[in-house]
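Letter by letter, the chains look like this.
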Amino acid sequence: GKTTTAEQIAGSILYMQEPETRQQNMEMAEIHPSRLLKGETPRLIDEWQLAPKLWDAVRFEVDKRDAFNQFILTGSAVPPDVSQISHTGTGRITRMKMRPMSLFESGDSSGEISLREIFAGKQDIEGECEKDIDELAFLICRGGWPKAVSCERDIALQQAEDYFDAVVHADISNVDAVERDVERTKTLMRSYARFIGTQAKIPTILEDMKANDLDTISDVTVHSYISALKKIFVIEDSPAWNPNLRSKTAIRTSDTRYYTDQSIGAAALGIGPNDLVDDLETMGLFFENMCIRDLRVYADALEGTVYHYRDRRGLECDAVIHLRDGSYGLVEIKLGGERLIEEGAETLKKLTDSIDTSRMKAPSFQMVLTGTGNYAYKRKDGILLVPVCCLKD
């Protein structure tokens, strides 16, 4: 989606991977990179990371031209050899991370509830969601892949499986030119999927891998594989939030394990919509991952970041959306059911009560984000109940 998006505003385009010119492009990037930068602006350089020297060439050209909107650099991974980059690009190059499509972008959310408006103080909300459990299970397994949105259901589900195959057979090795074992990658990604939404440490993941017929791997190797998966944006863990509390409660600082798109985890486990409906506990974890994906998309639009909170008492909040001005909202994610929703509401109240509002702002809102709840509204206790299929940025 990144190249297609960038093509809409580009004045000229250089495709580094174009078969007919790839070798020529690579050689030119080595001996005369400025030649590749000539063209109508903004000039799109697609998969620039194949020739890392282009980064410094772009930075130098931007300085020389002293103008905005000169280049668009797109890449599906970080460069394998950053030693060829001598300048960070600070002040010249702005980074933008493109994620899979949110439910609102794919047309599966009505967008009746705006996160931006909630932060601005509009909390007398109303909306309606007509998605049932079967439709949610399909959306989880289909994922936010642009090409999957307009396909028939069976073909749409195949997109995540194809992506998973590409990752394990090629992408994880191509990212840094280190050959990685296909079966070992599959085993790791399956283990990662089993620990979605948890703060599982590497030794725990390693033990799970060994329990599944792999006993010759070290934690160093697991670290290496996970690092490679992060570089190609397959997994994206959620960092811990560290608020000012009234008590001296110890806060857990481990990241929470998530896939960039939950459909990758489903493909890794080889499960489909029917499997999720038959195992609602697993579906709840994958639903949480989907909600985190969407909240990240919406938070990006607000220049915010999504965190996770957990302390030593076991008090946990699935998502904390923190904006640059210090405003934040607390979100508990529940697939559905009155009991789980009430549990989420109680968690939000306890966390809010523990925050020292003399040292930081009070939360802008408290929200229970649901899957199967029909209506969006503000409860009597002030907590917002919002189906994810009503939400937008």
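All of these numbers come straight from a predicted model, not from anything done at the bench.

K.L.:
Any chance you could break down the pattern of salt bridges for me, citing the residues and the numbers?
P.N.:
Side-chain pairs of opposite charge can arise whenever the charged atoms involved come near each other. By the definition in use, this model includes 28 salt bridges. Between Lys53 and Glu30 there is a salt bridge, with its nearest N and O atoms 3.2 Å apart. Of the two residues, Lys53 sits in helix H3 (residues 53–65) while Glu30 sits in helix H2 (residues 22–31), which places them 23 residues apart along the sequence. Classification of Lys53 by relative accessible area gives partly exposed; the value is 32%. Note on Glu30: relative accessible area 45%, which makes it partly exposed. Arg59 is the salt-bridge partner of Asp63, the closest N and O atoms lying 3.5 Å from each other. Separated by four residues within a single helix, Asp63 and Arg59 lie in helix H3, roughly one turn from each other. Taking relative accessible area as the criterion, Asp63 reaches 34% and is therefore assigned partly exposed.

K.L.:
I'd like a rundown of the packing of aromatic side chains, residues and numbers included.
P.N.:
For the structure on display, the rule yields six aromatic pairs. Relative to Tyr309, the ring of Trp241 lies with its centre 6.2 Å away and its plane at 70°, an arrangement referred to as edge-to-face. With Trp241 in the loop between helix H10 (219–231) and helix H11 (262–269) and Tyr309 in strand S6 (residues 304–310), this pair connects stretches of sequence that are 68 residues apart. The same class applies to Trp241 and to Tyr309, which are both buried. Their ring planes at 50° and their centres at 5.1 Å tell us that Trp241 and Tyr328 sit as a pair that is tilted. Pair noted here: Trp241 is in the loop between H10 and H11 and Tyr328 is in strand S8 (residues 328–334), with a separation of 87 residues, a long-range link. The class of Trp241 is buried, set by a relative accessible area of 4%. On the accessibility criterion, Tyr328 (0% relative accessible area) is buried. Members of the aromatic cluster, joined through ring pairs, are Trp241, Tyr309 and Tyr328. The ring of Phe138 carries the charged tip of Arg153 above its face, separated from the ring centre by 3.8 Å. Across from the ring centre of Tyr225, 5.8 Å away, lies the NZ or CZ of Arg180, which sits over that ring.

K.L.:
Lay out the layout of surface pockets with the relevant residues and their values.
P.N.:
The computed volume of the second largest pocket comes to approximately 330 Å³. Forming the walls of the second largest pocket are 14 residues, and the residues nearest its centre are Gly284, Glu288, Ile333, Lys334 and Leu340. Those elements giving two or more residues to the lining of the second largest pocket turn out to be helix H13 (280–301), strand S7 (316–323), S8 and helix H14 (338–354). Top contributing element to the lining of the second largest pocket by residue count: H13, with five residues. Here the residues of the lining of the second largest pocket sort into five nonpolar, two polar and seven charged.

K.L.:
Explain the nonpolar core to me, and be specific about the residues and the numbers.
P.N.:
Judged by nonpolar contacts, the single largest core of 79 residues is most densely connected at Met189, Tyr259, Ile321 and Leu369. In terms of residue count, H13 provides more of this core than any other element does, ten residues in total. Apart from residues lying up to four places away in sequence, Ile321 is in contact with Leu115, Phe119, Leu295, Ala299, Thr305, Val306, Ser327, Tyr328, Gly329, Val331 and Phe365. The next biggest cluster of nonpolar side chains, apart from the first, holds 18 residues, and it includes Trp241, Leu348, Met360 and Leu385.

K.L.:
How would you summarise a negative patch on the surface if you had to cite specific residues and measurements?
P.N.:
Negative charge collects at one region of the surface, where Glu112, Glu126, Glu128 and Glu130 lie side by side. With respect to the element layout, Glu112 can be found in the loop between strand S3 (71–74) and strand S4 (113–114).

K.L.:
Just give me the short version of the side chain of Asp108, but keep the residues and values in it.
P.N.:
You can see Asp108 is positioned in the loop between S3 and S4. A residue is classified by how much of its surface remains accessible, and Asp108, at 12% relative accessible area, is buried.

K.L.:
So what about the pairing of S7? Which residues, and what values?
P.N.:
Counting buried residues in S7 gives six out of eight residues, a clear majority hidden from the surface. With six bridges joining them, S6 and S7 adopt antiparallel strand pairing. Paired with Tyr309 across the two strands is Cys317, which belongs to S7. In textbook terms, the turn of a hairpin is the stretch between consecutive antiparallel strands, and for S6 and S7 this stretch comprises five residues, one of which, Gly314, has a positive phi near 95°. Direction of pairing for S7 relative to S8: antiparallel, over a ladder of four bridges. Pairing of Val320 across the sheet is with Leu330, part of S8.

K.L.:
Which residues make up the packing of helix H7 (residues 153–174) against H11, and what values go with them?
P.N.:
The geometry of H7 relative to H11 is characterised by a closest axis approach of 9 Å and an angle of 75° between their N-to-C directions. Considered as vectors, H7 and H11 are oriented roughly perpendicular to each other. Here H7 contributes Ala160, Glu161, Tyr163 and Phe164 to the contact with H11, which in turn contributes Ser263, Ile264, Ala267 and Ala268. A per-class count over the contact of H7 with H11 returns six nonpolar, one polar and one charged.

Scoring rules and cut-offs
- Residues numbered from 1 in each chain as written.
- Predicted model: local features only at pLDDT ≥ 70, side-chain atom pairs only at ≥ 80, totals over all residues.
- Heavy atoms only, no water.
- Salt bridge = Lys/Arg side-chain N within 4 Å of Asp/Glu carboxyl O.
- Helix = DSSP H or I, 4+ residues; strand = E, 2+ residues; numbered from the N terminus.
- Buried < 20%, exposed > 50% of the residue type's maximum accessible area, 1.4 Å probe, protein only.
- Phe/Tyr/Trp six-rings, centres within 6.5 Å; stacked < 30°, edge-to-face > 60°.
- Lys NZ or Arg CZ within 6 Å of the ring centre and 35° of its normal.
- 1 Å grid on protein atoms, 1.4 Å probe; cavity = no way out; pocket = protein on both sides within 12 Å on 5 of 7 lines; lining within 4 Å.
- Points joined across faces, edges and corners; volume = space filled by probe spheres on them.
- Nonpolar A, V, L, I, M, F, W, Y, C, P; charged D, E, K, R; others polar.
- Core = buried A, V, L, I, M, F, W, Y, C linked by side-chain atoms within 4.5 Å.
- Contact = heavy atoms within 4.5 Å.
- Patch = residues over 30% accessible without salt bridge, like charges linked within 9 Å, V, L, I, M, F, W, Y side chains within 5 Å.
- Areas by Shrake-Rupley, 256 points an atom, 1.4 Å probe, with all protein chains shown as cover.
- Lys, Arg positive; Asp, Glu negative; His and termini not counted.
- Charge placed at Lys NZ, Arg CZ, Asp CG, Glu CD.
- Pairing = 2+ DSSP bridges.
- Axes fitted to C-alpha atoms, helices over the stretch in contact; angles between N-to-C directions.
- Parallel < 35°, antiparallel > 145°, perpendicular 65-115°, else oblique.

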